[in-house]
Amino acid sequence: MKSIRLIIALHNHQPVGNFDHVIEYAYEKSYKPFLDVFEKHPKIIAAMHNSGCLAQWIRARHPEYFDRLRALVARGQLEVMGGGFNEPILSVIPERDAVGQIKMLSQFVQETSGEKPTGMWCPERVWEPQLPSIMAKGGINYTVLDDSHFFASGLTEAQTFGYYMTEDAGNVVAVFPTQEKLRYLVPFGTVEKVMEWLQQHASEDNPVAVLGDDGEKFGTWPMTYEHVFEKGWLEDFFNALEENADWVQTTTFARVLQEVKPRGRIYLPTSSYIEMMTWALPPDSVERFEEFYEELKEERKDWKQIQPFIRGGFWRNFLAKYDESNQMHKRSLRLSQQVARALEQAVSPEERKSAEQAQAYLWESQCNCGYWHGVFGGLYLPHLRNAVYERIIAADAALRQSSQTAVIEKEDFDADGFDEIFIETPKLTLCIKPNAGGSLAEVDDVRSHVNIADTLTRRREAYHAKVAQAVTWEESQKETANTDSATASIHDIVRTKEKGLEKLLIYDWYRRTFGLAHFLAPWTSLHDFASGHYHEDGDFVNQSFEIESAHVGADGMPQVVLMRNGGLYQEGGVRTITLRRRIHADPEHARFTIRDEIMNTSHLQAEARYALEMIANVLAPDASDRYFFLDGGTKADQPQPRATMEQRDATVFGLVDEWRDLRISFALSQPATVWRLPIETVSLSEAGFERVYQGTCVMPVWNLSLSPAQSAAFEVTVNLTPVNAPYAP
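Values in this document were obtained by computation on a predicted structure and should not be read as measured data.

So, the overall build of the protein chain
In step 1: If you tally the helices and strands in the protein chain, you get 20 helices and 25 strands.
In step 2: Taking 2.2 N^0.38 as the reference for a compact globule, 729 residues should give roughly 27 Å; the C-alpha atoms of the protein chain span a radius of gyration of 28 Å, in line with that estimate.
In step 3: Principal axes of the C-alpha set define a box for the protein chain whose edges measure 95 × 65 × 45 Å.
In step 4: When each of the 729 residues of the protein chain is scored for burial, the buried share is 60%.
In step 5: Counted over contacts in the protein chain with a minimum sequence separation of 6, partners at least 24 positions apart contribute 72%.
In step 6: Accessible area for the protein chain stands at about 28,700 Å²; split by element, carbon and sulfur atoms hold 48% of it.

Right, here's the structure in full:
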């Protein structure tokens, strides 16, 4: 008799730093109702993976969930899988961290379910050839990947039913393919179509099919709760499996490994699912790839045979595509070295405790969600980036508990071929990038664990071409009401949360960081700058500065001096300009100063508007507890951080973030016209196109007029304090 084994494997995960109400929604719409239905069908067997960060959240708020899991495991209905505790991309973090995270989740699973996991979920199914060694050292025997991984090694669809053995440096593990067609049918196709597919692939050999996918597609994804639970799709699916138990048997990975021999040995290339490999490409390449992919799909009769060899990019491309992602990743790598050193050198119980606390924060910062961007918000969501930096800075704070001195380090920490400079005091971390306009990529307040300079450059994304054509949710209801499929896949949805977002598609020609030196045409207005239609006369914003000195003075004050010989490109000829930038930090307070000394070294008069672009990200620009203030600490007119405003003759101003207990004060050496404007991106999320606040640009602007050999100096002091600290600029 023809039959088939079916492994149902659910992957449940929420990012570190996600909002409580979002996780609660997923719990109520996906995690809990799935168990409600699953428990009523004791003959249905499945596997489940809960990331450690999600599992901790559930245990703290819904401990009964784990009582239910333990009971399901005890009666043999459920296999609980392991993995990296905080869902890191295991291949891009140090091996010591990857193995440590795997062991941490395995211990948690054993404590909460009663059984130690033997397999793991591979985050985002990102595979690199060294993973078998990491898995084996973490005590893991198998993982599950997409069938496309196996197609890329030359297998046919018929050869993806079952599992294979692979190895790295002699460390052997099993790898299971999950069938793409099955993932797209469940739960988006009818139950009848799912059963038809299973019947088509049943045979006398009793093959093994794997349905491995996100648990959130059962209820949390748009429009799926009504379909899966209220209309009973999942109940009907389980009933159909029970009614056809004579030819389709649900099982687990562990049982298959015991009962079924491997199909052979295989070596898989670097890979992920096709959408991920597409998203990792630069936008121009995404468009070319998608066009090429669709042309082949439509024109080639042998499409199914050649499709496996049509591949996009590679997950690590995100680190080249987005400087902001690379900054966080390399900060995490640097921190990992510091934590490892602290653990090795710890002598007292207090030092050991601090190092272990730093390691816990480090591992939380490695959660993958804030490092990439695709159909979900990811990197574009400031609260996810904030969560990464919050953990990195908290780890810094734990490691610096006994330090009372300032340190300066110069190194190419972000692997771009140019040295960066770190100023580290007990209260502050500054990451200075001389090759990026002498700006600051990070301004970290150690006390509040906030990087105020955390923002995102506005760049073109391939999906921006669809923004103007996207429909609202109300409009889309009419389009999907009569479709044949049960509901729309998240990858097929083109919707927008609001109309007119195409007007916000303004792209920056430079990387947005803190402290960029602009030489604007004398007639430039705030509106010109905000719209992106302005003329930059200088060549300082995205060019390299030389490092003249970087040291800690005898008074304990760290100071960095940078210099660039540049120019103003104006009518009548180039005005050569020397800009010398001095950055020094207070060794005892979260305070630092940027002093720019500008000299006209040409024989021509130099006229410009000199502006110092700074960033302050308060995350929620419309919240009443985030506001802009002026001298004396009083709220400004239109204090919302999202407002576009101009303030004349200002010397002291700033923003307050009461939620994070942070006051960001700017004090100028001489009055200026201060521009402030929101940095907003248009990005794609599971709910459609949306406007996202990425921080507030704060710019003091001075009129600059220099005769030959004449110089001028402008200075700003930035002070980071608790909201209720005695007010002092």
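A short note on the nonpolar core
In step 1: Grouped together as the largest cluster of nonpolar side chains are 71 residues, with contacts concentrated most on Phe 514, Phe 519, Phe 592, Tyr 610 and Phe 666.
In step 2: Among the elements that take part in this core, strand E23 (residues 662-685) stands out by supplying nine residues, more than any other.
In step 3: Trp 315, Leu 335, Tyr 380 and Val 388 belong to the second-largest nonpolar core, a separate cluster that totals 58 residues.

Remarks on the pattern of salt bridges
In step 1: The full count for this structure, using the stated rule, is 53 salt bridges.
In step 2: For Lys 217, the salt bridge goes to Asp 213, with nearest N and O atoms at 2.5 Å. Accessibility assignment for this pair places Lys 217 and Asp 213 in one class, buried.
In step 3: Between Asp 586 and Arg 591 there is a salt bridge; the shortest N-O distance is 2.8 Å.
In step 4: Shared partners join several salt bridges into a network, and the residues in it are Arg 331, Arg 334, Asp 396, Arg 400, Glu 409, Glu 411, Glu 424, Glu 442 and Asp 444.

Quick notes on the sheet that holds strand E7 (residues 171-178)
In step 1: Within the open sheet, the four strands sit side by side as E4-E5-E7-E6. Their pairing is mixed. The open sheet has two edge strands with one neighbour each: strand E4 (119-121) and strand E6 (164-168). Shown here is a sheet whose adjacent strand axes are inclined to one another by a mean of 40°, direction ignored.
In step 2: Of the strand pairs in this sheet, E4 and strand E5 (residues 142-146) are connected by three bridges, and their pairing is parallel. Each bridged residue has a counterpart across the sheet, and for Gly 119 the counterpart in E5 is Tyr 142.

What to know about unusual backbone geometry
In step 1: Cis geometry marks the peptide bond from Val 186 to Pro 187; its omega dihedral reads 0°.
In step 2: For Ala 169, which is not a glycine, the phi torsion comes out positive at approximately 55°.
In step 3: Along the polypeptide, Ala 169 turns up in the loop between E6 and E7.

Points about the side chain of Thr 252
In step 1: Of note, Thr 252 is situated in the loop between strand E9 (248-251) and helix H11 (253-259).
In step 2: With relative accessibility at 5%, the residue Thr 252 sits in the buried group.
In step 3: Side chain to side chain, Thr 252 and Glu 79 meet in a polar contact 3.5 Å long.
In step 4: Beyond its immediate sequence surroundings of up to four residues, Thr 252 is in contact with Ile 7, Ile 45, Ala 46 and Glu 79.

Overview of the sheet that holds strand E14 (residues 450-451)
In step 1: Strand order in the open sheet formed by five strands is E10-E11-E12-E13-E14, and the pairing between neighbours is antiparallel. Of all strands in the sheet, those bounded by a partner on one side alone are strand E10 (407-411) and E14.
In step 2: Relative to E14, strand E13 (residues 439-445) runs antiparallel, the two sharing two bridges. Its bridge partner being in E14, Asp 444 is matched across the sheet by Asn 451.

Analysis parameters
Residues numbered from 1 in each chain as written. Predicted model: local features only at pLDDT ≥ 70, side-chain atom pairs only at ≥ 80, totals over all residues. Heavy atoms only, no water. Helix = DSSP H or I, 4+ residues; strand = E, 2+ residues; numbered from the N terminus. Rg over C-alpha atoms; globule rule 2.2 N^0.38 Å. Buried < 20%, exposed > 50% of the residue type's maximum accessible area, 1.4 Å probe, protein only. Contact = heavy atoms within 4.5 Å. Areas by Shrake-Rupley, 256 points an atom, 1.4 Å probe, with all protein chains shown as cover. Core = buried A, V, L, I, M, F, W, Y, C linked by side-chain atoms within 4.5 Å. Salt bridge = Lys/Arg side-chain N within 4 Å of Asp/Glu carboxyl O. Pairing = 2+ DSSP bridges. Axes fitted to C-alpha atoms, helices over the stretch in contact; angles between N-to-C directions. Polar contact = N/O pair within 3.5 Å; in protein donor to acceptor, adjacent residues only side chain to side chain.

In short, the description is geometric, and any link to function would need to be established separately.
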